[in-house]
Amino acid sequence: VCQVSRGASYALARFTTQGKQILEFLRCSYKTDLPFSSLGAVRITPSFDFTQNVPNLLVEGLTGSGRTKAVLNLQISDPTLTVVHALDERNTIAPEISLHTAKILYQWNIALDSGSIKTKVDPTSAIHVTWTDRSMNGKWVTDFRLPLSGTTVSALAADVRVRRQFAF
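Residues numbered from 1 in each chain as written. Predicted model: local features only at pLDDT ≥ 70, side-chain atom pairs only at ≥ 80, totals over all residues. Heavy atoms only, no water.

(A) Seen up close, a nonpolar patch on the surface. Together, Leu74, Leu81, Ile97, Leu99, Ile104 and Tyr106 give the surface a local cluster of nonpolar side chains, amounting to about 460 Å² of exposed area. Inspection of the secondary structure puts Leu74 in the loop between β6 (68-73) and β7 (80-86). Overall, the relative accessible area of 34% leaves Leu74 in the partly exposed class. (Patch = residues over 30% accessible without salt bridge, like charges linked within 9 Å, V, L, I, M, F, W, Y side chains within 5 Å. Areas by Shrake-Rupley, 256 points an atom, 1.4 Å probe, with all protein chains shown as cover. Salt bridge = Lys/Arg side-chain N within 4 Å of Asp/Glu carboxyl O. Helix = DSSP H or I, 4+ residues; strand = E, 2+ residues; numbered from the N terminus. Buried < 20%, exposed > 50% of the residue type's maximum accessible area, 1.4 Å probe, protein only.)

(B) Layout of the side chain of Ser9. Within the element layout of this structure, Ser9 appears in strand β2 (residues 9-15). Among residues more than four places away in sequence, those in contact with Ser9 are Val4, Ser29, Tyr30 and Lys31. (Contact = heavy atoms within 4.5 Å.)

(C) Seen up close, the side chain of Ser98. Take Ser98: it is sitting in strand β9 (residues 96-98). Ser98 sits in the buried class, given a relative accessible area of 6%. There is a polar contact of 3.1 Å between the side chain of Ser98 and the side chain of Thr101. Dropping the residues within four chain positions of it, Ser98 is found in contact with Asp78, Pro79, Thr80 and Lys103. (Polar contact = N/O pair within 3.5 Å; in protein donor to acceptor, adjacent residues only side chain to side chain.)

Now the structure itself:
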């Protein structure tokens, strides 16, 4: 991996010694600040995966206050448009729409004093909540998934998982 950066802009290349191709992946990013309150910065990040022959382009616009960001992800398989907005210091919402299928996902993240709660809602399939609680020697992570589709009781049953991650 080779990375060159200058300020918020960078170029990253991943090389391989196997096969005919030397270059596996290439990504560059350029950010420029703008003097407007409605649009304070723009970042453009093109990338190319040479192993799978897949291009990608990410265009981000950030407001002058830094509370709202629009992200246009032009990946070939499923391009999306996401608007990330910080409601306050702890709460962030991020609706995302697929430009290919028009499917909308909703995200709501809450920063807690000792962790976070991340909620993702797909109205066509499920609600997924991840609660992370930091402790002295690691963290507890609780994942909760509630299906929103199905006609039987077992199909609508919630899936709850609790795990402990230790820090050594």
